[in-house]
Amino acid sequence: MAAAAAPAARAGAGVGVGAGVGVGAVAAMAARGAEAEALFEAHTTAELRAAERRLRAGIEQKREELRQMVGERYRDLIEAADTIAEMRRSAERLLGAVRGLQRGGTARPGPASTARPPAHQSFYGAAAQLKLLLEVPEQLWGAVEGGRYLPAARLHLLGAHLRRQLQLDTPRARSSPILARFPILLRQVAAASHLRSTILQESKALLRCPTGSDQAVAEALCAIMLLEDSSPRQALADFLLARKLAIQQLLNQPHHGAGIKAQVCSLMELLTTTLYQAHAVFYTVPEGMAPDPALPCGLLFSTLESTTGQNPAGRGGVLEEDLKLSSWFKYLPESVVEFQPTLRTLAHPISQEYLRETLQQWITMCSDDIRTGVRTLLVYVKSMKGLAGIRDAVWELLSSESGSHNWEAVCRRLLDRPVSFWEELLQQLFLDRLQTLTKEGFDSISSSSKQLLALALQELEVKAGSCALSKQIQLEHNVALFLWSESPGDLPGDAAWVSVGQRGPFARSGLAMKAQALTPCVQSFCSTLDSKLKARLEDVLSYLPTDDSVPKEPAVPPRSAFDRFADAGTVQGLLRDHCVACVQHLLGCVREQLQSAQSQLGSPGDARLNAVLFMARLCQALPELCPHLQRCVLGQAGGAELAPKEPRSAKKLGKGKAQEVSPELAKWQGVKAELLQQSLLAYQLWSSAVTKGLVQGFTHTLLLDTAGSVLATATNWDEIEIQEETESGSSVTSKIRLPVQPSWHVQCLLFSLCQEVNRVGGHTLPKVTLQELLRSCLAEVLAAYEKLVEQKQEKRPDSFPLTQSRALQLLYDLRYLSIILTAKSEDTKPSRIKQDSGIEKVIDFLEGHIDPFDLDVFTPHLNGNLNRLVQRTSVLFGLLTGTENQYTSRGSTLSSQELHNILPLASSQIRFGLLPLSMSSSRKSKSTARSTERVQWDAAL
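Student: Before we move on, could you go through the overall build of the protein chain and cite the residues and values that matter?
Tutor: Helix and strand counts for the protein chain stand at 37 helices and four strands. Residues classed as buried in the protein chain amount to 41% of the 941 residues present. Long-range contacts, defined as pairs at least 24 residues apart, comprise 77% of the intrachain contacts of the protein chain with a sequence gap of at least 6. Just so you have it, the protein chain exposes about 51,400 Å², and 55% of that area is on carbon and sulfur atoms.

Student: Provide a residue-level description of the packing of helix α25 (residues 608–625) against helix α28 (residues 663–702), including the pertinent values.
Tutor: Relative to each other, α25 and α28 sit at 160°, their axes nearing to 8 Å. By the angle between their directions, the pair α25 and α28 is classed as roughly antiparallel. You can see that α25 and α28 cross each other, and the crossing is left-handed. Of the residues in α28, those touching α25 at L609, V612, L613, A616, R617, C619, Q620, L622 and P623 are W668, K672, L675, Q678, S679, A682, Y683, L685, W686 and A689.

Student: Which residues make up a nonpolar patch on the surface, and what values do they have?
Tutor: Together, Y74, L77 and I78 line one region of the surface with nonpolar side chains, adding up to about 290 Å² of accessible area. Along the chain, Y74 turns up in helix α3 (residues 45–107).

Student: Tell me what's going on with the nonpolar core, and back it up with residues and numbers.
Tutor: Residues F282, L453, F614, W686, Y785 and L821 are the most contacted members of the largest nonpolar core, which totals 215 residues. The leading source of residues in this core is helix α18 (residues 421–460), at 15 residues. Excluding residues within four positions of it along the chain, L453 makes contact with F525, L586, C589, V590, F614, M615 and L618.

Student: I'd like a rundown of the pairing of strand β1 (residues 717–725), residues and numbers included.
Tutor: Here is the key point about a regular strand: its side chains alternate between the two faces of the sheet. Looking at chain direction, β1 and strand β2 (residues 731–739) are connected through nine bridges and run antiparallel. Bridging from a neighbouring strand, Q723 pairs with T733 of β2. With antiparallel pairing between neighbouring strands as the criterion, β1 and β2 make up a hairpin whose turn holds five residues, including G729 at a positive phi of roughly 100°.

Student: Pulling in residues and values, what's your account of the pattern of salt bridges?
Tutor: Using the criterion set out here, one finds 18 salt bridges in the structure. Across the pair R67 and E64 runs a salt bridge, and its minimum N-O distance is 2.5 Å. Taken as a pair, R67 and E64 lie in helix α3 at a separation of three residues, close to a single helical turn. Notably, a salt bridge pairs R759 with E756, separated by 3.3 Å at the nearest N-O pair. One end of the pair, R759, and the other, E756, are both in helix α30 (residues 744–759), three residues apart, so they sit about a helical turn from each other. On the basis of relative accessible area, R759 is assigned to the buried category, the value being 17%. On the accessibility criterion, E756 (14% relative accessible area) is buried. Through salt bridges with shared partners, a single network forms among R391, D392 and R564.

Student: Go over the side chain of T691 with me, naming the residues and quoting the values.
Tutor: Mapping T691 onto the fold places it in helix α28. In contact with T691, not counting residues within four places along its chain, are Q696, L773, S776, C777 and E780.

Student: Tell me what's going on with unusual backbone geometry, and back it up with residues and numbers.
Tutor: The phi angle at D229 is positive, at roughly 55°, despite the residue not being glycine. Take D229: it is sitting in the loop between α8 (214–228) and α9 (232–251). For D229, a relative accessible area of 25% puts it in the partly exposed group. Phi angles above zero are rare outside glycine, and D416 is one such case at about 60°. Within the secondary structure, D416 sits in the loop between α17 (407–415) and α18. Residue classification places D416 among the exposed positions, given a relative accessible area of 54%.

Student: For the environment of A235, give the residues involved together with the corresponding values.
Tutor: Examined against the element boundaries, A235 turns out to sit in helix α9. Through-space distance from the C-alpha of A235 to that of I224 is 7.6 Å; in sequence the pair is 11 residues apart. Excluding its chain neighbours within four sequence positions, the residues that come into contact with A235 are L221, M225, F282 and L300.

Student: Let's hear about the packing of α30 against helix α31 (residues 767–794): which residues, and what values?
Tutor: To describe two helices that pack against each other, one gives the angle between their axes and the distance between the axes. Closest axis-to-axis distance for the α30/α31 pair is 13 Å, and the angle between their directions is 155°. On the basis of the axis angle, α30 is roughly antiparallel to α31. Considering the relative orientation of α30 and α31, their crossing is right-handed. Together, V746, L749, L753 and V757 of α30 and L770, L773, C777, V781 and Y785 of α31 make up the contact between the two elements.

Student: Any details on the environment of A205? Residues and values, ideally.
Tutor: Looking at the element boundaries, A205 is found in helix α7 (residues 184–208). In the structure, A205 is positioned 41 residues away from A246 in sequence and 9.2 Å away in space, judged by C-alpha atoms.

Student: I'd like a rundown of the confidence of the model for the protein chain, residues and numbers included.
Tutor: On average, residues of the protein chain carry a pLDDT of 76, and 72% of them reach 70 or more. Taking the mean pLDDT of every element in the protein chain, the minimum, 39, falls on helix α36 (residues 890–893) and the maximum, 91, on helix α14 (residues 352–378). This model gives residues 885–905 a pLDDT under 50, and the stretch forms 46 contacts once residues within four places in sequence are excluded. Overall, residues 916–941 carries pLDDT values under 50, and its contacts beyond four positions in sequence, including any with other chains, amount to 30 contacts.

Student: Let's hear about α14: which residues, and what values?
Tutor: End to end, α14 covers 37 Å across 27 residues, agreeing with the expected 39 Å (1.5 Å per residue, within 8%). Considering bend angle alone, the principal kink of α14 is centred on S367 and spans about 25°. Of all the positions in α14, only L355, T358, L359, W362, I363, C366, S367, I370, G373, V374, L377 and L378 are classed as buried.

Student: Hey, could you go over the packing of aromatic side chains for me, with residue numbers and the actual values?
Tutor: Counted by the stated rule, this structure contains six aromatic pairs. Judged by centre distance (5.7 Å) and plane angle (50°), the ring pair of F239 and F282 falls under tilted. With F239 in helix α9 and F282 in helix α10 (residues 259–282), the pair connects residues that are 43 residues apart, well separated along the chain. As far as the burial class goes, F239 and F282 line up, both buried.

Student: Pulling in residues and values, what's your account of the state of the cysteines?
Tutor: Covalently bonding the sulfur atom of one cysteine to the sulfur atom of another cysteine gives a disulfide. For the coordinates displayed, the defined rule picks out zero disulfides. Summary of cysteine pairing: C619 is not part of a disulfide, and the nearest cysteine sulfur, belonging to C526, is at 9.5 Å. Residue C619 is classed as buried on the basis of its relative accessible area of 2%.

Calculation rules
- Residues numbered from 1 in each chain as written.
- Predicted model: local features only at pLDDT ≥ 70, side-chain atom pairs only at ≥ 80, totals over all residues.
- Heavy atoms only, no water.
- Helix = DSSP H or I, 4+ residues; strand = E, 2+ residues; numbered from the N terminus.
- Buried < 20%, exposed > 50% of the residue type's maximum accessible area, 1.4 Å probe, protein only.
- Contact = heavy atoms within 4.5 Å.
- Areas by Shrake-Rupley, 256 points an atom, 1.4 Å probe, with all protein chains shown as cover.
- Axes fitted to C-alpha atoms, helices over the stretch in contact; angles between N-to-C directions.
- Parallel < 35°, antiparallel > 145°, perpendicular 65-115°, else oblique.
- Left-handed = near helix turned anticlockwise from the far one by under 90°.
- Patch = residues over 30% accessible without salt bridge, like charges linked within 9 Å, V, L, I, M, F, W, Y side chains within 5 Å.
- Salt bridge = Lys/Arg side-chain N within 4 Å of Asp/Glu carboxyl O.
- Core = buried A, V, L, I, M, F, W, Y, C linked by side-chain atoms within 4.5 Å.
- Pairing = 2+ DSSP bridges.
- pLDDT = per-residue confidence, 0-100.
- Expected span 1.5 Å × (residues − 1).
- Bend = angle between axes of the 7 residues up to and from the residue.
- Phe/Tyr/Trp six-rings, centres within 6.5 Å; stacked < 30°, edge-to-face > 60°.
- Disulfide = S-S within 2.5 Å.

This is how it looks when you write it as structure tokens:
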């Protein structure tokens, strides 16, 4: 041994020297590294390279020395290891020989002359008991360390039996001669209570472990019952109390992100394992009922019977096998060899009623702790995808073969009812957390949308002449500039080889945006909102079933612990309600902004009108540019192509047959209606401000009562030759002058109105808004003419007289304005009647200043001039006149030629002329009748 240790010591010393050298080298290198900057400052490049070569040479030298030193000591280490292995083999051979001698000596019968007297026999028996008493603690600790708590408890009870046999537990034991001769036994007696508490503590710790087998739990409970001399009911209480403590310990563990899933799954596993083990350990089959081999039960009572049985299988059931090979074992008395622990009271089986009530009370008592703990854990789950992951993990655990094996039968035996821990404990907690996450997500979207809206409106309210305007804001101020400017994104990159029908529903080109007057600011706002809605929708959809999971789930796995998608309808309802609330919040913000801007709007050039128009376009574009808004409201789990189409109106489907609308679709239609209504209100503010600003200048020019103002607004008149018949029957040719153009202020009013409509993208204005603009403008114009009539009726001496020529021009202007500004719609019939009556009064007043004979002569020619003027200006003022007033008299002029149909390019008012298409014979009569009615109506005006 010394020879072997010497080389090892030398090797260790060598290694220590090498380590010391290495540490010194590292320290030197660190010092040189700290002075690197100083070296570069103080030496040249050549000197530094020479120093580097010296350092590398030193490193290689030290490395070679270390290699040689380790190689020399390696042989010594191998020799020492071989020596130790040879010593171990020699010791094992020696121990084997000793055991063989002991077995041979025990089996060989001794001669009769060697029989010892009774006095010696009792002495050897006491000595053997003392030896066994000293061996018990070592055997007991070995059993405890190996997790065999029932043998440890039996050994502890055997030690207590030996102490009673040797009278070491009596009050007068201190004066016993045995303790006087063997004082070490005092420590054994003192350590007995500590051994008992250790066994109890370790046994109860095993009960708290969910991974323990049924047999291990039964043995641990038997150990507790033997040590505490308790009943099976008390054992059941200890078992359930230990599991309750395990639940609390599991809930109070530190949690870090993904660990929450493991904690919840461990909790469910602990609950199911508790019921399985309660059945296997405590449940007993009623009398007269055959036991089920697939459902073992009553392990506690079978283990107790084998432990405390009166007819053991062999001698020394408590003692270990190696103790039976000892030479002193044969001197142990029979009471020690055949010792079996016993209970003071009989272990009666637990009744099914008591077991059911106790387990139900335990479940009820643990439910509150579980709900509180899991609710606290779910606070740290920040996404519905995380909730879905935890739910799916619980489902997989409870649906697995180990988790669902005979679960229904066990629950029926123990609780006389089916048990689903997910539905009773976790489902509502997950729904509450999901509702909180949904509310927080949409509240965040609402607040960010409000901030984005406020920022956009703040930028839009900057005056158009400011130099700080960005390109997007300039396009927002003038939509016509946006419509007629080219940009790289007008056509998609694959427009040459991908047709429109093959594109997705969300693929929109720049030209499509321009056709709908969706400005970059509106697109940016809707894109931002839609991306947030998409993220929220994808998060919610991770909690809902996918299309392919619904039909496959009943087949795989064979048994499902619970329906994990049972609350899909509730989740979709939460998504829908919070999404609608988010839209309502955004509409509330728009409504507040419109109310604040309503009292501050001025002329058409007011910068606040840009903000109003932006909100109008935004509310109009949200349903189309935010497709995920529709999916959130409709609750579509599939793609956008699966979105349901809105039904046709009842008029198109047939009289009395109204198609049933689902609640989801009705909710979506309500959202769209509210957005459209808010858009129309914003457009109404704009049209009112535009009308007031433009008609105000028109009224001021009209009411100027000076000769200069009349001449300044006058336009060209046409000279017409007419044939008149005298009293004698001869014809006389005379010339008359009639107006062929409206006054300048009339043309300026209409052109400015068209400019304003065109500036905001008139082809996309709602028809209701344009009709309201025309109605309000005509009402303001009529009010101006009525003021003029009032002035002339007062007949002030300083006023300019209303001559026949001026009356003709005013009459021509008024009739032309009434034709252009009259909205053709069924909804406007009552207002048209009221306006027509007011116009007729003004016309009667103006005709009163014209000679009746001249008026009869002028009227046909005046109507002709008026019709020609309307035709000439129908394209120029197309945004105002619409399709109804264009080419009104062509039906009669083309009667002898091929008839044409008119194809409207858009449903709303357009600026350009319409395309003539060859019409079918079935529509000729209808088109002819329509043109005839239009000519008659124009003649009546």
